[in-house]
Amino acid sequence: MRCVALAEELTARGVDVHFLSDLGGLPWAEQQLRARGLPWHPAPADTAGLLAAADRLALDAVILDSYTLPAGQSGALRASGRRVLAVVDGDLLGQQADLYVDQNLDSDLADPALPAGAVRLAGLDYALLRSVVRRLRPPAPRVAGSGRTPRVVCFFGGTDAYRAAPVLAGLLVRTGAAFEAVVVAADDELRAELLALRPGPEQRIDVIAPTDDLPKLLADADLAVSASGTSTWELLCLGLPAALVWVVENQILGYGRTIERGLAAGVGHLPSLREPDSAEAQAAVAVLRDLLTDAPRRAALSARAWAAVDGRGVERVADSLTAP
């Protein structure tokens, strides 16, 4: 999705963009490209295939965003005379690029060794956010005192591969606090688990499929419950108070930094929350109850989040990529 965000900005500037991607057979992912008119081609099998595709499509630059792409491919692209931008999360993974984008919180404080002449764009000033999120950014942080039952949106990516939705929705129910929640179920099995929950008398859970309207739902919410992934920067841009869970190891650094800076509330590590009687699960329930019942705390989170991400990261990255 961060590549989709950058593609939106580039196409708005008249740049032709092609995706050479493995989309995992996910209809939702394919729809993201079709809806924006972005051509999609199968991922090349090797370096020779990538160079051939770059020649066939007359590419002037290539953007790499992968944890598994062989490092030699970036070097081959540079040797062919093309500009290379690598989107990274801390570790450069051996990629040889002209530009590196590390959009993670406090990544600007690190100083990794770069190839000669390379430029690194680091920190939340370069967060790659979709146009729909940027359009929905409020002109000021949210304020406390609406008086309505808190509206909550729970989502964990397009696939929710680690089955987080039922766990976190169950913790919300255990707070005993009033809420109206929309929970995204990535498949029928998750939907069945969510529908089996028994909310309290002042609690409501609506289960929906993955939707392109998620940013609109978030813009009207009082609280988001989500994994600590790249969607965190979207939540900050919207000034939305968030309760974050870290699901996989590569999220722990961003999770820790976000919580330490007071930009979101932390509910812990997903595996430790699956056992209802664990100390971690009980602590998570307390955090969620506090967020649901303390509107001034949500307002304070909103102010810090809104100030952290201005939504113009794609413009800054596109400026650097297309500069003479």
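Owing to the predicted nature of the structure, the values given are computational and were not obtained by experimental measurement. Chains are numbered independently. Their residues run from 1 in the order of the written sequence. Since the coordinates come from a predicted model, pLDDT governs what is reported: local features require at least 70, and pairs of side-chain atoms require 80 or more to be given and counted, while whole-chain, interface and lining totals use all residues. Neither water nor hydrogens contribute to the side-chain values; these are computed over all heavy atoms in the structure.

## So, the state of the cysteines
Note: disulfide means a covalent bond formed between the sulfur atoms of two cysteine side chains. Cysteine sulfur pairs qualify as disulfides if the two atoms are within 2.5 Å. Within the structure shown, the criterion is met by 0 disulfides. Left without a disulfide partner, Cys3 is nearest to the cysteine sulfur of Cys237, which lies 18 Å away. Burial here depends on accessible area, computed with a 1.4 Å probe over protein chains only, as a share of the maximum for the residue type. Under 20% is buried, over 50% is exposed, and the range in between is partly exposed. On the basis of relative accessible area, Cys237 is assigned to the buried category, the value being 0%.

## Some details on the pattern of salt bridges
Put simply, a salt bridge is a Lys or Arg side-chain nitrogen that is within 4 Å of an Asp or Glu carboxyl oxygen. The full count for this structure, using the stated rule, is 22 salt bridges. Here Arg120 makes a salt bridge to Asp102, at a shortest N to O gap of 3.7 Å. Taken together, the residues span a long stretch of sequence, with Arg120 in strand S6 (residues 119-122) and Asp102 in strand S5 (residues 99-102) at a distance of 18 residues. Of the two residues, Arg120 and Asp102, neither departs from the other in class, the shared state being buried. Linking Arg148 and Asp220 is a salt bridge whose minimum nitrogen-to-oxygen distance equals 3.9 Å. A run of H or I in DSSP becomes a helix once it reaches four residues, and a run of E becomes a strand once it reaches two; helices and strands are each numbered from the N terminus.

## With respect to the nonpolar core
Membership of the largest hydrophobic core comes to 37 residues, with the highest contact counts inside it found for Val152, Phe156, Leu168 and Val225. Ranked by the residues each element gives to this core, the list is headed by helix H6 (residues 165-174), at 7 residues. Residues within four places of Phe156 in sequence aside, it is in contact with Ala164, Ala165, Leu168, Val225, Ser226, Ala227 and Val245. Grouped together as the second largest cluster of nonpolar side chains are 27 residues, Ala127, Val153, Val184 and Leu218 included. Side-chain atoms within 4.5 Å are what join buried Ala, Val, Leu, Ile, Met, Phe, Trp, Tyr and Cys residues into a set we call a nonpolar core. Residue contacts are counted whenever heavy atoms from the two residues lie within 4.5 Å of one another.

## A word on the pairing of strand S12 (residues 265-269)
Pairing of strand S11 (residues 242-246) with S12 involves 4 bridges; the strand directions are parallel. Residue Leu244 lies in a different strand from S12, and its bridge partner there is Gly266. At least two bridges found by DSSP between two strands is the condition for calling them paired.

## As for the environment of Ala177
With respect to the helices and strands, the residue Ala177 is situated in the loop between H6 and strand S8 (179-184). Linking Ala177 and Ser228, residues 51 residues apart in sequence, is a C-alpha distance of 24 Å.

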